[in-house]
Every structure is written in C-alpha cells, then in structure tokens.
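Coordinate analysis (summary)
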Amino acid sequence: MRKFFPVEDLARDERFNQITMNDRMADQRTVITTDSRPSRAANRIVPSRGDASDAARGLMHGIFVGEIQALEGAGRTCWDFTTGEEAPFELKLDMARQCWDEARHVEISVKLSDWMGSEIGEYAENTVLFQAACSNDPVLRLAGVNRALEGLAIDVFTTMKEFGEVAGDQYLEFAEDWMLADEVTHVKMGSDWLRKITEDDPERRKKALDFQSVVDKLFSYGGTRSESQESPIGLARRFRELAGFDDQEIDVIAKLSLAALEERKAAVLEAQAAHN
Amino acid sequence: MTVEVTPSTFTYVYFDSAYIARIAQRLIGLFGLENHNIRVDINETTPLAKMRIEFGDPIVINIQSGAFEDFSRPRQQSESATTQSLGRILLKVRDRLSPEFANAPADKDLTLVQVAIWETYCVARLSRHDIDINRQRWLYNFRNRHGFNDASDRAFEKIWNSNDLTWEQLQNISDNALALVQ
C-alpha cells in the first residue's frame with residue numbers, strides 16, 4: 001500500500017467539491033463588502049443570529065468533512081511510519097483508537113446534518129486539515145493535527161454544543177458533547193506524545209511547536225476563532241486545559257487568534273478603500 | 001411587465017444576469033405578478049445571503065450574492081439556489097401586495113420568529129410548484145425559533161400545508177405553538 005498519500009488523491013465521490021485555502025482566500029467578496037449597513041459586533045454562531053440555522057448547518061458540514069480528513073490523517077500515521085523505528089507501537093495504537101473515534105464522528109455528523117437539513121457535499125470541502133497531516137515527521141503530524149487542528153475542534157464543538165443548549169436542540173447538544181470528550185482525548189494524546197518523543201531532542205520539539213503555530217495561525221485566518229465575540233467560533237479555555245495545554249500555550253493561541261482578527265479587519269478596511 | 005437584473009455583468013462572482021432574468025420571469029408568471037415591473041439588484045460584493053424588498057415602480061429586490069450561490073463551488077451560481085431565493089422573495093412580494101397581509105409589520109420590525117413563519121409559508125408554497133426544497137432545513141429553522149417540541153412541529157405542519165393564510169392566521173399559529181410550551 002502506498003505511503004505518504006497526497007491530498008489531491010483523496011477518494012471522494014461526485015457529491016464532494018474540494019477547495020484549498022488559496023481558493024478560499026481568492027474570494028474577494030469576503031473583504032470588499034460594500035453592504036452599507038454596519039457589520040455585526042458579534043458574529044458568534046448563536047441562535048439569536050438572524051442566519052443562525054444556516055450558519056450552524058454550514059459549520060456542521062465543515063465538521064463532517066473535517067472528521068473524514070482526521071480519520072484519513074490518523075490512518076496514514078498508523079501506516080506511513082515504521083513501527084518502533086520511526087513511531088512507537090503505542091503511538092500507532094493511539095492513532096488507531098483515534099481512527100475508531102473519527103469514523104464514529106463522521107457517522108454522527110452525517111446524522112446531525114440530516115437532522116439540520118443539509119446534504120452531503122452541499123458545502124465545499126477545504127482540504128487543509130489533511131494537508132497538515134502530510135508531514136514526513138510523525139511528531140510534526142501530532143503537533144499540527146492533534147494539537148492545532150484537534151484543538152480547533154475543541155473550540156468548534158464547544159461552540160456547537162452551546163448553540164444546541166441555547167436553542168433547546170438536545171440531539172445537537174449531546175452529540176457535540178460526546179464528540180468533544182473524544183477530541184479532548186485526541187489533543188491529550190498529541191500533547192503527551194510530543195513531550196515523550198522529543199524529551200531528549202529540544203530541536204525537534206521546537207520544530208514541531210513551530211509547525212503547530214503555523215497551523216494554528218492558518219486556522220485562525222480571518223479571526224474565525226478567537227475570544228472576541230466578533231469571531232464565529234470561541235476559544236474553549238477549560239477544555240483545552242483538560243487536553244494538556246498550559247495557560248501560557250492557551251494565551252499564545254488567544255493572542256495569535258486576536259491578531260488574525262485584527263489583521264483581517266485591517267485588510268477589509270484597506271480593500272474597501274481601494275474598491276471605493 | 002419588465003424584469004431587469006443589475007449588474008448586467010459580474011466582477012466578483014460567476015453569475016449570469018440573463019439567466020437570472022429568465023428564472024425571475026418564470027416565477028413572476030407562476031405567482032401572477034405580471035402586472036408589475038421588477039428589478040433585481042444583486043450585491044456581488046458580499047457572500048452573505050440577505051434579501052430586501054423596496055416597493056415602488058419598479059419593485060426593487062436587493063439580493064446579496066450568497067443567496068444565488070452554489071456553496072460547494074464558491075462564487076459559482078446555483079440554479080436551485082437562485083430559484084429558491086427568488087421564489088421566496090417574490091412570494092413575499094405577492095403577500096405584501098395582498099390585503100390579507102396588510103397588517104404584517106414592516107420588514108425591519110419583524111421578529112426572528114415572524115421571519116421564520118413567513119419564510120416557512122413561502123417555501124412551502126414554492127415546494128408545490130415542483131421546485132426542489134429541502135423541507136428538513138426549514139423545519140430546523142422553524143424549530144430554532146419555536147422550540148424543539150411537538151407543538152412547534154404541529155405548527156410547522158399546519159403552515160407547510162396551507163395556501164391561503166392571512167398574516168393574522170399565520171401569527172396565531174405561531175403564537176399558539178409558543179404559548180403551549182411556556
């Protein structure tokens with residue numbers, strides 16, 4: 001079986017349309033909007049938003065494709081590295097357990113999407129998650145996928161769980177809560193293995209943490225996730241603590257996310273000035 | 001009757017104004033709005049999907065580009081989304097022009113619950129014109145505004161299966177559903 005699978009070759013049926021981060025950033029409408037009404041001070045996905053149902057459906061679809069890619073990424077980590085030499089057996093066992101969880105999350109996400117009135121493939125699939133799982137160093141994968149992306153999943157699931165709670169949608173609330181518990185475990189696995197494998201290799205650890213920072217920044221693009229109410233997704237501090245992030249690490253992500261939001265706002269103003 | 005679509009060419013999205021005009025004409029015929037001049041103004045500078053009506057001659061429908069977009073292929077036009085969005089807003093235009101909706105609040109004064117009941121009433125009637133509608137999407141939206149319970153679902157069914165409601169009747173169905181769970 002082939003090792004180190006490129007993102008372009010991921011198997012999908014005709015319902016899916018994949019886009020890259022570049023495609024997303026090429027959409028100038030997200031920065032040049034000339035809507036004369038003031039923008040919302042709060043963009044958090046909450047039931048009181050006028051477009052709450054559609055926004056939640058879109059995010060749910062994003063979770064669904066993210067779960068597929070997380071399954072594919074963890075699966076590749078089980079296979080791509082030589083047992084014992086490149087990756088310990090116990091690490092692979094953890095990745096196999098993660099595959100089991102992610103497969104279950106895919107099924108839960110499909111059922112939640114049905115419940116919310118979405119169809120598979122209704123929204124584009126951003127493949128950036130799997131791209132972060134293509135590093136040829138297992139430690140970088142753990143940092144990029146388990147700590148950065150699964151960390152984002154903690155934030156997303158917390159936002160969706162709260163949405164279900166406030167709306168009175170118990171199916172959404174409980175399903176997100178259960179998936180959230182798994183994600184905390186996945187992040188913890190990443191944190192524990194990162195520390196263990198790089199215990200005597202500070203340079204490798206630094207490289208992995210730098211990679212995590214790049215992925216965190218990429219996923220904070222446009223301030224999508226931050227502690228500001230202007231971001232659709234919040235930063236779930238408590239669950240991140242449970243997942244092995246220390247206060248300093250959470251503060252760094254919080255700052256980075258807020259900086260991304262501010263960069264985004266500055267870019268919007270600049271683009272609008274140029275457009276007008 | 002005239003139908004105009006602006007802009008005639010697009011810069012930020014891959015939309016076709018002549019195609020939009022053809023879909024609008026078909027819907028205007030279906031809904032008996034042939035005696036009105038209608039202009040569809042598309043704001044292609046935002047991916048949001050809000051729609052707004054300005055009554056006058058012509059009746060102007062302001063639409064943000066997300067309302068016509070294929071979400072799986074960003075910036076591309078979706079025939080289905082264009083038909084559904086135009087259908088919803090044109091049925092709302094027809095309601096607003098009828099005496100049965102004379103007492104409906106102005107759009108800016110509608111609550112989220114009122115928006116949900118009117119949207120439900122519009123898409124339900126659209127679905128009976130052989131236009132593809134995901135009923136579950138609208139049921140979910142309705143539940144978000146009326147609660148996830150049997151009373152809410154019964155109110156949705158009643159609205160979904162109705163064709164000739166007045167604003168007051170629509171409002172009563174909603175009020176009763178909300179009162180039952182309070």
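Residues numbered from 1 in each chain as written. Chains lettered and ligands numbered in written order. Predicted model: local features only at pLDDT ≥ 70, side-chain atom pairs only at ≥ 80, totals over all residues. Heavy atoms only, no water.

Considering helix H3 (residues 112–127) of chain B
All names here are of chain B. A rise of 1.5 Å per residue sets the reference length of H3, with its 16 residues, at 22 Å; its end C-alpha atoms lie 22 Å apart and thus fit the reference within 8%. Buried residues dominate H3, accounting for 12 of its 16 residues. Val113, Gln114, Ala116, Ile117, Trp118, Thr120, Tyr121, Cys122, Val123, Ala124, Arg125 and Leu126 are the residues of H3 that are buried. Where H3 is buried, its residues meet helix H2 (79–97), helix H4 (135–146), helix H5 (150–160) and helix H6 (167–180). (Helix = DSSP H or I, 4+ residues; strand = E, 2+ residues; numbered from the N terminus. Expected span 1.5 Å × (residues − 1). Buried < 20%, exposed > 50% of the residue type's maximum accessible area, 1.4 Å probe, protein only. Contact = heavy atoms within 4.5 Å.)

Remarks on the sheet that holds strand S1 (residues 3–6) of chain B
Residue and element names in this part refer to chain B. Pairing is mixed in the open sheet, where 4 strands are placed in the order S1-S2-S4-S3. Both outer strands of the open sheet, S1 and strand S3 (51–54), are each paired with one neighbouring strand and no more. Taken pair by pair, the neighbouring strands of this sheet meet at an average axis angle of 15 degrees, ignoring direction. With 6 bridges connecting them, strand S2 (residues 38–43) and strand S4 (residues 59–64) associate as parallel partners. Looking across to S4, one finds that Asp41 is bridged to Asn62. (Pairing = 2+ DSSP bridges. Axes fitted to C-alpha atoms, helices over the stretch in contact; angles between N-to-C directions.)

Quick notes on the confidence of the model for chain B
As a note on interpretation, predicted positions should not be read in detail where pLDDT is low. Looking at chain B as a whole, the pLDDT averages 96, with 99% of positions reaching at least 70. The ipTM value of the predicted complex is 0.93, and its pTM value is 0.91. (pLDDT = per-residue confidence, 0-100.)

With respect to the side chain of Arg147 of chain A
As for its placement among the helices and strands, Arg147 of chain A is situated in helix H6 (residues 138–167). Not counting residues within four places of it along the chain, the set of residues in contact with Arg147 of chain A comprises Leu142, Val187, Gly190, Ser191, Leu194, Arg195, Leu209, Gln212, Gly244, Phe245 and Glu249 of chain A.

Brief notes about the pattern of salt bridges
Following the criterion strictly, the structure yields 39 salt bridges over all chains and no others. The salt bridge partner of Arg204 of chain A is Asp137 of chain A, with a shortest N-O separation of 2.8 Å. Of this pair, Arg204 of chain A sits in helix H8 (residues 202–219) while Asp137 of chain A sits in the loop between helix H5 (128–132) and H6, placing them 67 residues apart in sequence. Under the relative-accessibility criterion, Arg204 of chain A is labelled partly exposed at 24%. In this structure, Glu157 of chain B engages Arg135 of chain B in a salt bridge whose closest nitrogen and oxygen atoms are separated by 2.1 Å. Of the two residues, Glu157 of chain B sits in helix H5 while Arg135 of chain B sits in helix H4, which places them 22 residues apart along the sequence. Residue classification places Arg135 of chain B among the partly exposed residues on the basis of a relative accessible area of 29%. It is possible to trace a salt-bridge network through shared partners that takes in Asp54, Arg57 and Glu122 of chain A together with Arg137 of chain B. (Salt bridge = Lys/Arg side-chain N within 4 Å of Asp/Glu carboxyl O.)

What to know about the environment of Glu262 of chain A
Along the chain, Glu262 of chain A turns up in helix H10 (residues 247–275). The spatial distance from the C-alpha of Glu262 of chain A to the C-alpha of Gly222 of chain A is 8.2 Å, given a sequence separation of 40 residues.

Looking at the packing of aromatic side chains
Going through the model one piece at a time under the given rule, you end up with 16 aromatic pairs over all chains. Consider the rings of Tyr123 of chain A and Phe71 of chain B, whose centres lie 5.5 Å apart with planes at 15 degrees: the pair is stacked. Placement of the pair is Tyr123 of chain A in the loop between helix H4 (89–116) and strand S2 (125–126) and Phe71 of chain B in the loop between S4 and H2, with the two residues belonging to separate chains. One aromatic cluster is present, formed by Trp115 and Tyr171 of chain A together with Tyr140 and Phe148 of chain B through successive ring pairs. Sitting over the ring of Phe16 of chain A, Arg12 of chain A keeps its end group 5.8 Å from the ring centre. (Phe/Tyr/Trp six-rings, centres within 6.5 Å; stacked < 30°, edge-to-face > 60°. Lys NZ or Arg CZ within 6 Å of the ring centre and 35° of its normal.)

Here's the deal with the environment of Pro58 of chain B
Residue and element names in this part refer to chain B. Mapped onto the fold, Pro58 is located in the loop between S3 and S4. In this structure Pro58 comes out as partly exposed when scored by relative accessible area, which is 28%. Separated by 80 residues in sequence, Pro58 and Trp138 place their C-alpha atoms 30 Å apart. Setting aside its immediate chain neighbours within four residues, Pro58 contacts Asn37, Ile38 and Arg39.

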